[in-house]
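Here is how the chains run, residue by residue.
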Amino acid sequence: MTAGRVEREPVAAVRPVVRVGAPTERRNPLSVDLDLMSTRDVLTVINEADRRVPAAVTAVLAEIAETVDLAVAALRGGHRVHYFGAGTSGRLGVLDAAELAPTFNSPRHWFCAHLAGGPEAMWRAVEDAEDDERGGAAEAAECVHAGDLVVGLAASGRTPYVLGALAASRTGGAGTVLLCANPEAEAAAAVDVFIGVDTGPEVVTGSTRMKAGTAQKLVLNTFSTAVMVRLGRVYSNLMIDMVATNAKLRGRMISILMEATGCAEEVCRVALREADGDLKTALVALVSGAEVPAARAALARSAHQVRGALALLAP
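Just so we're clear, the structure is a prediction, and the values are computed from it rather than from any experiment.

Some points on the overall build of the protein
Part 1 of the reasoning: Within the protein one finds 12 helices and seven strands.
Part 2 of the reasoning: Along the first, second and third principal axes, the C-alpha set of the protein runs to 95 × 50 × 40 Å.
Part 3 of the reasoning: Buried positions account for 42% of the 315 residues belonging to the protein.
Part 4 of the reasoning: Here the analysis covers contacts within the protein between residues at least 6 apart in sequence; of these, 65% occur between residues at least 24 apart.
Part 5 of the reasoning: For the protein, the exposed surface amounts to about 16,900 Å²; the carbon and sulfur share of it is 53%.
Part 6 of the reasoning: Each charge class in the protein was averaged separately, 31 positive and 36 negative side chains, and the resulting centres sit 3 Å apart.

Right under this line is the structure:
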């Protein structure tokens, strides 16, 4: 220590504090003293609260349908769909995007998931990542293009990272959607489509991995599945664009082909083998009676739509 000079401990930086008034942050009167309940009663309270979620999703089906149509138009135009989220919301976006390629054999670039804090945030909370509005805007400006569709995922409807990404995307000519559990979110007016699912206060106050997360999972499942249906990756209610990466899925391909055509198992096995394992080609060949090369050519001419290919091959 220098004479006449007093060394002081460094003063810690004061971190900003925000009190959120979203429904997900309010206290649920039905779960007060949850920690004093029996295990069965805890489960009953959670289960009864969860029953509210499907009805809340039903109330926003019109907005989900509008979002589906925007996504289909974007993908048909050679553009992409982006999910931007933080915490549980962001992780659910990553999960939905990750499941589409193996389930529907969709091109991996169709759906892009962006998580505040990066890949590390899948496993742990990255400090202040969701508060980085500029970071969300910069990430969107770098990878979102005009014609894309951007879906922001935020339980409260106010996550700065998400709102920054949405604002930058809209400025850049992309369509924008906000999915949240706050029907009164102020950001509703700043996007093309607002999906505010009214799930109310959580059983554990503020734990948006519960009802709010369940609602987002339902909405994302509904949205992305409907997009795949509209893009012809489902025939009737059969999953015909799947990737057979194991024995169970290879068996499922045979079962789907039998259901779709009414043909015997051995006939379907032969058709699938002749089509080099391409379920769509085998299906079109069996239903139309055409040879495999003709079925493959019809699919190519109809943008790989099974019903379109069958129409081309109809007598």
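Next comes the rest of the description.
Considerations on the sheet that holds strand β1 (residues 81–85)
Working definition: the strands of a sheet are paired by backbone hydrogen bonds and lie parallel or antiparallel to each other.
Part 1 of the reasoning: Taken in spatial order, the five strands of this open sheet run β2-β1-β3-β4-β5, and their pairing is parallel. The open sheet has two edge strands with one neighbour each: β2 (111–115) and β5 (193–196). Taken over all neighbouring pairs, the strand axes of this sheet differ in orientation by 15 degrees on average, direction set aside.
Part 2 of the reasoning: Summarising the sheet, β1 and β2 pair through five bridges and their orientation is parallel. Its bridge partner lying in β2, Y83 is registered against A113.
Part 3 of the reasoning: Against the sheet, helix α4 (residues 87–104) touches β1, β2 and β3 (149–153), its axis set at about 155 degrees to β2.
Part 4 of the reasoning: The sheet strands contacting helix α6 (residues 160–171) are β1, β2, β3 and β4 (175–180), and the helix crosses β4 at an angle near 160 degrees.

Side note on the pattern of salt bridges
Side chains that differ in sign of charge can pair as their charged atoms come close.
Part 1 of the reasoning: Under the definition given, this model contains seven salt bridges.
Part 2 of the reasoning: Between R233 and D241 there is a salt bridge, and its shortest N-O distance comes to 3.4 Å.
Part 3 of the reasoning: For R233, a relative accessible area of 14% gives the class buried.
Part 4 of the reasoning: Among the salt bridges present, the one from K280 reaches D241, with a minimum N-O distance of 2.8 Å. With K280 in helix α10 (residues 279–288) and D241 in the loop between β7 (238–239) and α8 (247–261), the pair connects residues that are 39 residues apart, well separated along the chain.
Part 5 of the reasoning: A relative accessible area of 7% means that K280 is categorised as buried.
Part 6 of the reasoning: Residue D241 is classed as buried on the basis of its relative accessible area of 9%.
Part 7 of the reasoning: Linked by salt bridges that have partners in common, R233, D241 and K280 make up one network.

Rules used in this analysis
- For every chain, the first residue of the written sequence is number 1, and numbering continues from 1 onward in sequence order.
- Owing to the predicted nature of the model, reporting of local features is limited to residues with pLDDT of at least 70; listing and counting of side-chain atom pairs is limited to 80 or more, with chain, interface and lining totals taken over all residues.
- To obtain the side-chain values, all non-hydrogen atoms of the structure were included, while hydrogens and water were left out.
- Each helix corresponds to a stretch of at least 4 residues labelled H or I by DSSP, and each strand to a stretch of at least 2 residues labelled E; elements are numbered beginning at the N terminus.
- Relative accessibility thresholds used throughout: buried, under 20% of the residue-type maximum; exposed, over 50%; partly exposed, between the two (1.4 Å probe, protein chains only).
- Contacts are residue-level and defined by heavy atoms, with any inter-residue pair within 4.5 Å sufficient.
- Surface exposure here means Shrake-Rupley accessible area, sampled with a 1.4 Å probe, where a residue is shielded only by the protein chains that are shown.
- Charge assignment: positive for Lys and Arg, negative for Asp and Glu; neither His nor the chain ends contribute.
- In plain terms, the charge of a residue is placed at NZ if it is Lys, CZ if Arg, CG if Asp and CD if Glu.
- Paired strands, as defined in this entry, are two strands with at least two bridges between them according to DSSP.
- Orientation is described by axes fitted as lines to C-alpha atoms, over the contacting stretch for helices, and by angles from 0 to 180 degrees between their N-to-C directions.
- A side-chain nitrogen of Lys or Arg and a carboxyl oxygen of Asp or Glu constitute a salt bridge if their distance falls within 4 Å.

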